[in-house]
Amino acid sequence: MRFVDEFRDADKARALSAKITSLCEPGREYKFMEVCGGHTHTIYKHGLEDYLPENITLIHGPGCPVCVIPMGRIDDAIHIARRPGVLMTSFGDMMRVPGSGGNFFDSNAEGTNIRMVYSPLDSLKIARQNPDQQVVFMAIGFETTAPSTAMTVLRAAKDGIENFSVFCNHITIIPAIKAILDSPDLRLDGFIGPGHVSTVIGCRPYEFIAADYGKPIVVAGFEPLDILQSIYMLMLQLKEGRSEVENQYSRVVPWEGNLTALRAIAEVMELRPYFEWRGLGFISHSALRIREKYAAFDAELHYEVPGVRVADPKACQCGEVLKGVLKPWECKVFGTACTPETPIGTCMVSPEGACAAYYNFGRFTRTRVREASLS
Amino acid sequence: MCLGIPGEVIEILTDRPDLARVDVSGVKRAINIGLLEDEGVEPGDWVLIHVGFALSKIDEDEAKAAMEFLEGIGKAYDDEIAALRDSHIV
Amino acid sequence: MSAQDTAPPSEREQQVLDRIERARRRRAKVKEERITLAHGSGGKASQTLIEAIFLESFRNPLLEPLEDAAELTVSGARLALTTDSFVVSPLFFPGGNIGDLAVNGTVNDLAVSGARPLYLTAGFILEEGFPVADLTAIVDSMRTAADAAGVSIVTGDTKVVQRGKADGCYINTAGVGVLEHPGRLGIATVRPGDAILVSGPIGEHGVTVMLARGELDIEADLVSDTAPVHDLVAGLLGTVPGVRAMRDATRGGVATILNEVARAAEVAVVVDEQTIPVGTEVRGASELLGIDPLYVACEGRIVVFVDGASADEALAALRRHPLGEHAAIIGRVKADPPGLVLLNTVFGGTRICDLLVGDPLPRIC
């Protein structure tokens, strides 16, 4: 596969790994946070940590839009799905996120009709094919996905589709990064910056991280070589005493972002004054809702949702894992009460969550496994 | 959720110029290219696909530069290993 | 401060991992009050359901091995007995229909148990309003498939339910075969040093069916790999010593089988991503949708565990048969760490390949 396979080459990985190691100051610990859930997934899926020296630790950040949806919002979605005549559409990874009474699969077992779709546009197709149903799209994601939801609303408006609306849970990445930077218990040396969010917002929004907080940030692609190269670029910045925004993913990410996409978001959506992030609490101006102009497509207006705030279970330490303070295996309930089969908190729910990634891919002692794989 | 995959544009749909058929390793799907209307998209271009939308055009020059950097590192590494192997410390 | 808190991180991590392993081995219990789609996917939820509900109630020595077929001795004759139900949607897809699956699926379960398939039953649950022409097409396919596999359909049943149930047509087939292979086959016999083979490219059936549903608007030149493997198996068993176990890779894909073996035999199953045959289009569709072909159903592929010394012979035997043209050796069994499936990635790293809870692709078989 072009633009994929070349970036998975093991020989180049070894070379990069050697270069990274050569930049390490003996006795110094380095901590880099990858913000994006997709990066967490790649790191574990390809066994990337095998290529890093002992003194570099990767901290897994909160950039998993599925993970940070509060339970109350899932309950609200199920509440909408229970209304007569409602056909809810949702991305696949959302189907297993538990609300206080179960997830979308559980809800379907009780009679709702929540269907998986690949694209928000598929919801429009379903709306056309089912004129007697009210199709509600459960919209989630960062600025990567918001333009697609916005374009779908614009097309629905253009085509005069009346049985379609959006339950909008889009969130924005910068406030989350700022919350991490302002968190007192965290010491980070740099960031592996979000890849696909940056195709929309560009690289400029990260400048405050380098300028005001003095931390280097490298916008990274999603193949294993992309991440290794980004770590190399971060180490080089630290060695040379720089703190800048760099773009490793330049083949895909334009420095200025995608203006058409940003315009689409601005046309259809506006910032909420505040929004709750599971594990991180309330963050101001961190989420989007549908504008009044497109109220006809706002499911929150059509269906009065309870909007009850549901606290995370007491045992849950997701907040600390999301901020990188705790490693997944350091959480008291990791692997016992909280497993992919019976997830308690957000980090275990999505395959990109730090705990799920570690449980599914990384849960073994490196030395024993090295022996097994090499012999 | 961050899932974006590169695909090659095969054709623009004549009745719907905001849609294009793309090929991802032999598998084909129509996607919306409306977010790239300023840049313009034509058959043969490679785009990044996310939930049925093209978010960005893949810049082949940048991709080539990225590969060359990686190859350079690879070559330097191979050279070093070769040098290490061939050197003798008596 | 306990001794645990002062231990170095790697030791503390190991303590947590050990605690998790103990938790995983605890007695299975179904926590949900209602059945969900995950219970039918072949992954963790399915296993829990089988162990906690069915095995709990029906427990007997013949059921406990939980292999693809039960081994029975009746008046001195060694027989294999198996059953499978088919609820695939859509009923017709490129490469076949529910009828092909219904015959081949049961034939294959018998074949991988080392039996020569002989007789099948066929039970139909039909929806009111289902077109007779479709039923005829399905039954004709079953006839053709049965002939190809050398089996006869000797008894059956038909029920009709109201419009809105049975999604057109559900089929159950049971099969009986005679166990001619002298050795003992079974996943618990797998041991360190064994080699693991797969008979061909994976994931074709699951992806074909998913695309055939039409909801994803993806076109590909993909065809289901549904096929009877009894001949392929006979060629292997007849010529290669040291075959420990075979499984046909259906729901849950190859990864599920690897996990079942690792657990039952208490071994480590180590596979090399590079060697696993995956077709370009299956790969493309999987990347597009974010699913892993290792977990996607096949309907005509077998996974073979064989004595390491016979690995090359086994590969040659599989490749001699048209269905095994692209067979490959994909890994080895090790002693440690027991119960885990490890994948050496193309990239050179290592990771675990665990059972999924549910299935990314519901209603595939």
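Residues numbered from 1 in each chain as written. Chains lettered and ligands numbered in written order. Predicted model: local features only at pLDDT ≥ 70, side-chain atom pairs only at ≥ 80, totals over all residues. Heavy atoms only, no water.

Chemist: Which residues make up the overall build of chain B, and what are the values?
Modeler: Assigned secondary structure in chain B consists of one helix and five strands. Written out in order from the N terminus, the α and β elements of chain B read β-β-β-β-β-α. A buried classification covers 49% of the 90 residues belonging to chain B. Summed over its atoms, the accessible surface of chain B is roughly 4,500 Å², and 53% of this surface lies on carbon and sulfur atoms. (Helix = DSSP H or I, 4+ residues; strand = E, 2+ residues; numbered from the N terminus. Buried < 20%, exposed > 50% of the residue type's maximum accessible area, 1.4 Å probe, protein only. Areas by Shrake-Rupley, 256 points an atom, 1.4 Å probe, with all protein chains shown as cover.)

Chemist: Now, about the overall build of chain C: what can you tell me, with residues and values included?
Modeler: When helices and strands are counted, chain C shows ten helices and 15 strands. For 365 residues, the compact-globule estimate of 2.2 N^0.38 gives 21 Å, and chain C sits close to it at 21 Å. Taken over 365 residues, chain C has a buried fraction of 53%. Taking the intrachain contacts of chain C between residues at least 6 apart in sequence as the baseline, contacts between residues at least 24 apart amount to 82%. In the structure as shown, chain C presents an accessible area of about 15,400 Å², 53% of it carried by carbon and sulfur atoms. Averaging the locations of the 33 positively and 48 negatively charged side chains of chain C gives two centres separated by 7 Å. (Rg over C-alpha atoms; globule rule 2.2 N^0.38 Å. Contact = heavy atoms within 4.5 Å. Lys, Arg positive; Asp, Glu negative; His and termini not counted. Charge placed at Lys NZ, Arg CZ, Asp CG, Glu CD.)

Chemist: Any chance you could break down the interface of chain C and chain A for me, citing the residues and the numbers?
Modeler: Chain C puts 46 residues into the contact, and the matching count from chain A is 49 residues. The contact between chain C and chain A buries some 4,200 Å² in all, and 56% of this surface belongs to carbon and sulfur atoms. Linking chain C to chain A there are one salt bridge. R34 of chain C is paired through a salt bridge with E110 of chain A; the nearest N and O atoms lie 3.5 Å apart. Counting across the chain C and chain A interface gives four residue pairs in polar contact (both at pLDDT 80 or more). Contributions of two or more residues to the side of chain C that touches chain A are made by α2 (9-24), α3 (44-58), α9 (280-289), β14 (341-344) and β15 (350-352) of chain C. (Buried area = accessible area lost by both parts, 1.4 Å probe. Salt bridge = Lys/Arg side-chain N within 4 Å of Asp/Glu carboxyl O. Polar contact = N/O pair within 3.5 Å; in protein donor to acceptor, adjacent residues only side chain to side chain.)

Chemist: Any details on the sheet that holds strand β1 (residues 70-74) of chain C? Residues and values, ideally.
Modeler: Residues and elements named next belong to chain C. The five strands lie next to each other as β1-β2-β7-β5-β6, forming an open sheet whose pairing is mixed. For this open sheet the edge positions go to β1 and β6 (152-161), each flanked by a neighbour on one side alone. Averaged over all pairs of adjacent strands, the angle between their axes in this sheet comes to 20°, without regard to strand direction. In this structure, strand β5 (residues 115-127) lies alongside β6, joined through nine bridges in parallel fashion. Considered in β6, the bridge of I125 is made with K159. Helix-sheet contacts for helix α4 (residues 98-112) involve β2 (77-86), β5, β6 and β7 (169-179), and the interaxial angle to β2 is about 150°. Lying on the sheet, helix α5 (residues 132-149) is in contact with β5, β6 and β7; it crosses β5 at an angle near 175°. (Pairing = 2+ DSSP bridges. Axes fitted to C-alpha atoms, helices over the stretch in contact; angles between N-to-C directions.)

Chemist: Describe in detail helix α2 (residues 37-45) of chain A, supporting the description with residues and values.
Modeler: Counting buried residues in α2 of chain A gives seven out of nine residues, a clear majority hidden from the surface. Within α2 of chain A the residues assigned to the buried category are G37, G38, H39, T40, T42, I43 and Y44 of chain A. Each element contacted by the buried residues of α2 of chain A is listed here: β1 (30-36), β2 (56-63), β7 (190-193), α10 (224-239) and α15 (354-362) of chain A together with β15 of chain C.

Chemist: Before we move on, can you summarise the confidence of the model for chain B with the specific residues and values?
Modeler: Residues shown with low pLDDT carry predicted positions that ought not to be read at fine detail. Looking at chain B, the pLDDT average stands at 84 and 86% of residues meet or exceed 70. When the elements of chain B are averaged for pLDDT, helix α1 (residues 60-86) of chain B gives the smallest value, 75, and strand β5 (residues 53-57) of chain B the largest, 95. (pLDDT = per-residue confidence, 0-100.)

Chemist: Any details on the packing of aromatic side chains? Residues and values, ideally.
Modeler: Counting across every chain of the model gives eleven aromatic pairs over all chains. Ring centres 6.5 Å apart and planes at 50° place the aromatic pair F164 of chain A and F297 of chain A in the tilted group. Of this pair, F164 of chain A sits in strand β6 (residues 164-170) while F297 of chain A sits in the loop between β13 (288-290) and α12 (299-302), and the two are 133 residues apart along the sequence. Assessed through its relative accessible area of 1%, F164 of chain A is described here as buried. With a centroid separation of 6.0 Å and 35° between ring planes, the pair formed by Y232 of chain A and F69 of chain B is classed as tilted. Of this pair, Y232 of chain A sits in helix α10 while F69 of chain B is found in helix α1, placing the two residues in two different chains. For Y232 of chain A, a relative accessible area of 10% gives the class buried. F69 of chain B sits in the partly exposed class, given a relative accessible area of 31%. (Phe/Tyr/Trp six-rings, centres within 6.5 Å; stacked < 30°, edge-to-face > 60°.)

Chemist: I'd like to hear about the environment of T339 of chain A, residue by residue, with values.
Modeler: All names here are of chain A. By the secondary structure assignment, T339 is in the loop between α13 (318-322) and α14 (346-349). For the pair formed by T339 and Y359, sequence separation is 20 residues and the distance between their alpha carbons is 7.8 Å. The residues contacting T339, other than those within four sequence positions of it, are M348 and Y359. One polar contact links T339 to T342, side chain to side chain, over a distance of 2.9 Å.

Chemist: A description of the sheet that holds strand β3 (residues 86-90) of chain A should follow, citing residues and the corresponding values.
Modeler: Residue and element names in this part refer to chain A. Pairing in this open sheet of four strands is parallel, and the strands run β4-β3-β5-β6 from one edge to the other. Each having just a single partner strand, β4 (114-116) and β6 make up the two edges of the open sheet. Adjacent strand axes in the sheet meet at a mean angle of 25°, parallel and antiparallel pairs treated alike. Across seven bridges, the pairing between strand β5 (residues 134-141) and β6 is parallel. Bridge pairing in β6 places V135 opposite F164. Here helix α5 (residues 120-129) sits on the sheet in contact with β3, β4, β5 and β6, set at roughly 175° to β5. Relative to the sheet, helix α6 (residues 146-159) contacts β5 and β6, its axis offset from that of β6 by approximately 160°.

Chemist: Go over the nonpolar core with me, naming the residues and quoting the values.
Modeler: Grouped together as the largest cluster of nonpolar side chains are 121 residues, with contacts concentrated most on F104, F164, F191, Y206 and F334 of chain A. Ranked by residues supplied to this core, first place goes to α15 of chain A with seven residues. By size, the runner-up hydrophobic cluster in this structure holds 32 residues, among which are A13, A15 and L23 of chain A together with F347 of chain C. (Core = buried A, V, L, I, M, F, W, Y, C linked by side-chain atoms within 4.5 Å.)

Chemist: Kindly report on the packing of helix α1 (residues 10-22) of chain A against α10 of chain A, identifying the contributing residues and their values.
Modeler: All names here are of chain A. At a closest axis distance of 9 Å, the pairing of α1 and α10 adopts a crossing angle of 20°. One way to sum up the angle between α1 and α10 is to call them roughly parallel. In this structure, α1 meets α10 at a crossing whose hand is left-handed. Taking contact as the criterion, the partners of K12, A13, L16, K19 and I20 in α1 are, on α10, L225, L228, Q229, I231, Y232 and M235. Grouping the constituent residues of the contact of α1 with α10 by class yields eight nonpolar, one polar and two charged. (Parallel < 35°, antiparallel > 145°, perpendicular 65-115°, else oblique. Left-handed = near helix turned anticlockwise from the far one by under 90°. Nonpolar A, V, L, I, M, F, W, Y, C, P; charged D, E, K, R; others polar.)

Chemist: Let's hear about the confidence of the model for chain C: which residues, and what values?
Modeler: Residue and element names in this part refer to chain C. For chain C, per-residue confidence averages 90 on the pLDDT scale, and residues scoring 70 or more make up 96% of the total. At the level of individual helices and strands, chain C shows its lowest average pLDDT in helix α1 (residues 3-6), which scores 52, and its highest in strand β8 (residues 195-198), which scores 98. If you check the scores for this complex, the pTM reads 0.86 and the ipTM reads 0.89.

Chemist: So what about the pairing of strand β12 (residues 281-284) of chain A? Which residues, and what values?
Modeler: Residues and elements named next belong to chain A. Note that strand β11 (residues 274-277) and β12 share four bridges and pair antiparallel. Along β12, the bridge assignment pairs E276 with F282. Following β11, the chain reverses through three residues before pairing antiparallel with β12; G279 in that reversal takes a positive phi of roughly 90°.

Chemist: With reference to specific residues and values, describe empty space enclosed by the protein.
Modeler: Residues and elements named next belong to chain A. Throughout the structure, instances matching the rule amount to six cavities of 30 Å³ or more. For the lining of the largest cavity, the elements supplying multiple residues, two or more each, are α13 and α14. When grouped by side-chain class, the residues that make up the lining of the largest cavity number ten nonpolar, two polar and no charged. Its boundaries defined by the atoms lining it, the second largest cavity holds a volume of some 60 Å³. In terms of lining, the second largest cavity is formed by G37, T40, H60, G61, C64, C67, V321, L322, C347, E352, G353 and A354. Contributing elements (two or more residues each) for the lining of the second largest cavity: α2, β2 and α13. (1 Å grid on protein atoms, 1.4 Å probe; cavity = no way out; pocket = protein on both sides within 12 Å on 5 of 7 lines; lining within 4 Å. Points joined across faces, edges and corners; volume = space filled by probe spheres on them.)

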